[in-house]
Amino acid sequence: MESDSSIEKRSVDETTKPHIATQDVDVAAELTAGKDFVLDPAEAARVRRKIDWHLMPLMCILYMMQFADKTTLGQSAVLGLLTSPKHHITQSQFNWLGTIFYLFFLGFEWPQNLALQYLPVGKWMSLNILIWAIALLCHAAATNFGGFFACRAFLGICEGAITPGFMIVTSMFYTRQEQTQRVGYWFLMNGAAIILLGLVAYGTLHINSTVLEAWQWLMIITGIITFVVAILFWFFFPDSPANAWFLTPEERVIAIERIKVNQAGVENKHFKVEQFVECLKDPKTWLFFFFSAISNVTNSLSNQRQLIVAGFGFNPLQTTLLGCVDGVVEIIVIFCTVTSATYWKNGRAYSAVLAYCVAILGSILVNTLPSSDRVGLLFSYWISVTSIAPFVVMLAWVGSTTAGHTKRLTTNAIVMIGYAVGNAAGPQYWEKKYQPRNHVPWLILSICWAVSALLLLATRFYLAWENARREREGPDTRYDDVYVTEKLPDGSLVDKKVDKAFLDLTDMQNRDYRYVL
């Protein structure tokens, strides 16, 4: 395949070293160009542990609060939001608030990803989560649909930076083998968020106040926690391994050399039009997009879960406490699925499809068990929670099958636009006329899960076919000897060789790139 990279444009003839402008290479090239570095496995493992200790706690806490905050609306439904005479909204308006969140998420997803390309990743996410916290606190002051509309709009705008930002950071610091588990670790905090939210909501039901209602206390408490997390994130979260505050200069080189096996580099702050166009032409981009859209039509369960459980015949107090079990189930399911996807050789798609099969079984049971069997319905609902795990596998799969920083950010944006489309459509089929058993919504869930499973298998087939085609092509030596010219303090110029992994090549330009399955 012919490449449009700037490297080839700078080659004059066979006797001239191929050169590339400094701005076109990955930021990692500045630390590694011209150096013959031998990576010590023991040192690499030590640095990885150090990265884990500094990144994972912050990422997990922030993702927990991010999910808790956006699902406060669903929790508020059983805390008086829909029945309060002071702050009354209808079931239809409640559903639209879920859709509004994702419509604004959709509208601002591309600008958010552009900001992630040009601005420091950690600082930009911190700013968004700070605005998010303020918007969440404002929910407590909302008195009508218009007020809630504005609050949900800002939450939707700000969330657009978090998951794509985490995807980029994970691919910056971890190898492709490590990424699935790390994405699983921060994503399973959604389950922890459900537990936290359930316990806080349970506590608000016991607050005796004539000024604020239980759902308002929920918004205030979660908003304050998120505000604190945003401040911590600003000061302690790194923007890339090239400038991570907790790594020494030597450890930064080790961190970068560790991820050289990804053949995807760290980051490049210059937008490359050719990578953007390649992303739009890449079939796997659209396979991931349609999977993201269709699989997230079913994500409306996160906002409806309290109403679903209440529909089985449980009172508000029971429903609130049982909601904590949702979180435990989600943590177990995500952990098991990402572990399987990590250690099952070439088994990412298969692990995800297996989770969907279990979810479809749960959906069928919810639709067929008698209404009198509320315990059976509850356990069937918990079985269906396994449907959350395949999306986690896909998020890591996107990052580990895409190279070229602009292409990777564009792919993330398209995937998250699909996520927003699915989530915007999801709340609309949970109509009041289907309650309490919601037979039609559960049928829609089953169909979406089945189609999503087929899309994952189709993606795996395409990537395996592409790998086989590249094997037949043989080694790609076009980028084995590429140099950047560096100006030394004394004014002299020196050529430094740049490793292929740090040339900011896309997965299509680099024919030695192999897709993980």
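Residues numbered from 1 in each chain as written. Predicted model: local features only at pLDDT ≥ 70, side-chain atom pairs only at ≥ 80, totals over all residues. Heavy atoms only, no water.

Draft legend 1. Fine view of the overall build of the chain. Along the chain, the regular secondary structure elements total 21 helices and two strands. Within the span of the chain, comprising 517 residues, buried residues form 59% of the whole. Intrachain contacts of the chain at a sequence separation of at least 6 include 82% that bridge at least 24 residues. In the structure as shown, the chain presents an accessible area of about 19,900 Å², 68% of it carried by carbon and sulfur atoms. (Helix = DSSP H or I, 4+ residues; strand = E, 2+ residues; numbered from the N terminus. Buried < 20%, exposed > 50% of the residue type's maximum accessible area, 1.4 Å probe, protein only. Contact = heavy atoms within 4.5 Å. Areas by Shrake-Rupley, 256 points an atom, 1.4 Å probe, with all protein chains shown as cover.)

Draft legend 2. Up close: helix H6 (residues 121–139). For H6, which comprises 19 residues, the first-to-last C-alpha distance of 28 Å matches the rise-based estimate of 27 Å (1.5 Å per residue) to within 8%. Buried residues of H6: Val121, Gly122, Met125, Ser126, Asn128, Ile129, Trp132, Ala133, Ala135, Leu136 and His139, and no others. Taken together, the buried residues of H6 touch helix H3 (41–70), helix H4 (72–76), helix H5 (91–118), helix H7 (145–159), helix H8 (162–173) and helix H11 (214–236). (Expected span 1.5 Å × (residues − 1).)

Draft legend 3. Quick look at the environment of Pro238. Assignment of secondary structure puts Pro238 in the loop between H11 and helix H12 (249–258). For Pro238, a relative accessible area of 3% gives the class buried. Separated by 117 residues in sequence, Pro238 and Val121 place their C-alpha atoms 8.0 Å apart. Once residues within four sequence positions are removed from consideration, Pro238 is found in contact with Leu55, Gly122, Phe173, Ala244 and Phe246.

Draft legend 4. Highlighting the nonpolar core. Formed by 139 residues in total, the largest nonpolar core has its most connected members in Trp186 and Tyr381. When near neighbours in sequence (up to four residues on either side) are disregarded, Tyr381 contacts Leu301, Arg305, Ile308, Val309, Phe312, Asp326, Val366 and Trp442. (Core = buried A, V, L, I, M, F, W, Y, C linked by side-chain atoms within 4.5 Å.)

Draft legend 5. Spatial organisation of the packing of aromatic side chains. Scanning all chains against the criterion turns up 32 aromatic pairs. For the ring pair Phe271 and Phe276, a centre distance of 5.9 Å and an interplane angle of 45° mean the geometry is tilted. Residue class for Phe271 comes out partly exposed when judged on its relative accessible area of 27%. Take Phe276: its relative accessible area is 25%, and that puts it in the partly exposed class. With a centroid separation of 6.4 Å and 65° between ring planes, the pair formed by Phe291 and Tyr356 is classed as edge-to-face. Placement of the pair is Phe291 in helix H14 (residues 283–295) and Tyr356 in helix H17 (residues 348–368), with a sequence separation of 65 residues. (Phe/Tyr/Trp six-rings, centres within 6.5 Å; stacked < 30°, edge-to-face > 60°.)

Draft legend 6. Highlighting the side chain of Asn190. The topology assignment puts Asn190 in helix H10 (residues 189–204). By relative accessible area, which is 3% here, Asn190 ends up buried. If we ignore the near neighbours within four places in the chain, the residues touching Asn190 are Tyr63, Phe67 and Glu330.

Draft legend 7. Focus on the packing of helix H16 (residues 316–343) against helix H18 (residues 374–384). Closest axis-to-axis distance for the H16/H18 pair is 10 Å, and the angle between their directions is 35°. Seen from above, H16 lies across H18 with right-handed handedness. In contact with Gln318, Leu322, Val325, Asp326 and Val329 of H16, H18 contributes Arg374, Leu378, Tyr381 and Trp382. Among the residues making up the contact of H16 with H18, the classes are represented as six nonpolar, one polar and two charged. (Axes fitted to C-alpha atoms, helices over the stretch in contact; angles between N-to-C directions. Left-handed = near helix turned anticlockwise from the far one by under 90°. Nonpolar A, V, L, I, M, F, W, Y, C, P; charged D, E, K, R; others polar.)

Draft legend 8. Examining the pattern of salt bridges more closely. Under the counting rule described, the total for this entry stands at 16 salt bridges. Linking Glu466 and Arg470 is a salt bridge whose minimum nitrogen-to-oxygen distance equals 2.9 Å. Of this pair, Glu466 and Arg470 are both found in helix H21 (residues 439–473), four residues apart, which corresponds to roughly one turn of the helix. One exposure class covers both Glu466 and Arg470, and it is buried. One salt-bridge network, in which partners are shared between bridges, spans Glu278, Asp282, Lys284, Lys407 and Asp507. (Salt bridge = Lys/Arg side-chain N within 4 Å of Asp/Glu carboxyl O.)

Draft legend 9. The arrangement of the confidence of the model for the chain in detail. Chain-level pLDDT for the chain is 84 on average; 88% of the residues reach the 70-or-more range. Taken element by element, the predicted model of the chain shows its lowest mean pLDDT in helix H1 (residues 6–9) (46) and its highest in H14 (95). Note that pLDDT drops below 50 for residues 1–5; the model gives that stretch 13 contacts with residues more than four away or on any other chain. (pLDDT = per-residue confidence, 0-100.)

Draft legend 10. Highlighting the packing of H5 against H7. It is at 7 Å that the axes of H5 and H7 come closest, and there the two elements cross at 35°. Crossing handedness for the pair H5 and H7: right-handed. Contacts between H5 and H7 pair Gln93, Trp96, Leu97, Ile100, Phe101, Tyr102, Phe104, Phe105, Phe108 and Gln112 from the former with Phe145, Phe148, Phe149, Arg152, Ala153, Leu155, Gly156, Ile157, Cys158 and Glu159 from the latter. Class assignment for the residues of the contact of H5 with H7 results in 15 nonpolar, three polar and two charged.

Draft legend 11. Region of the structure containing H7. In this model, H7 (15 residues) spans 21 Å end to end at C-alpha, consistent with the 21 Å of a helix rising 1.5 Å per residue. Considered for burial, the residues of H7 that qualify are Phe148, Cys151, Arg152, Ala153, Leu155, Gly156, Ile157, Cys158 and Glu159. For H7, the N-terminal capping position is held by Asn144, with its side-chain oxygen 3.1 Å away from the main-chain nitrogen of Gly146. (Polar contact = N/O pair within 3.5 Å; in protein donor to acceptor, adjacent residues only side chain to side chain.)

Draft legend 12. Quick peek at the side chain of Arg460. Relative to the helices and strands, Arg460 is located in helix H21. Excluding residues that lie within four positions of it along the chain, Arg460 makes contacts with Asn346, Ala349, Tyr350, Trp397 and Leu517.

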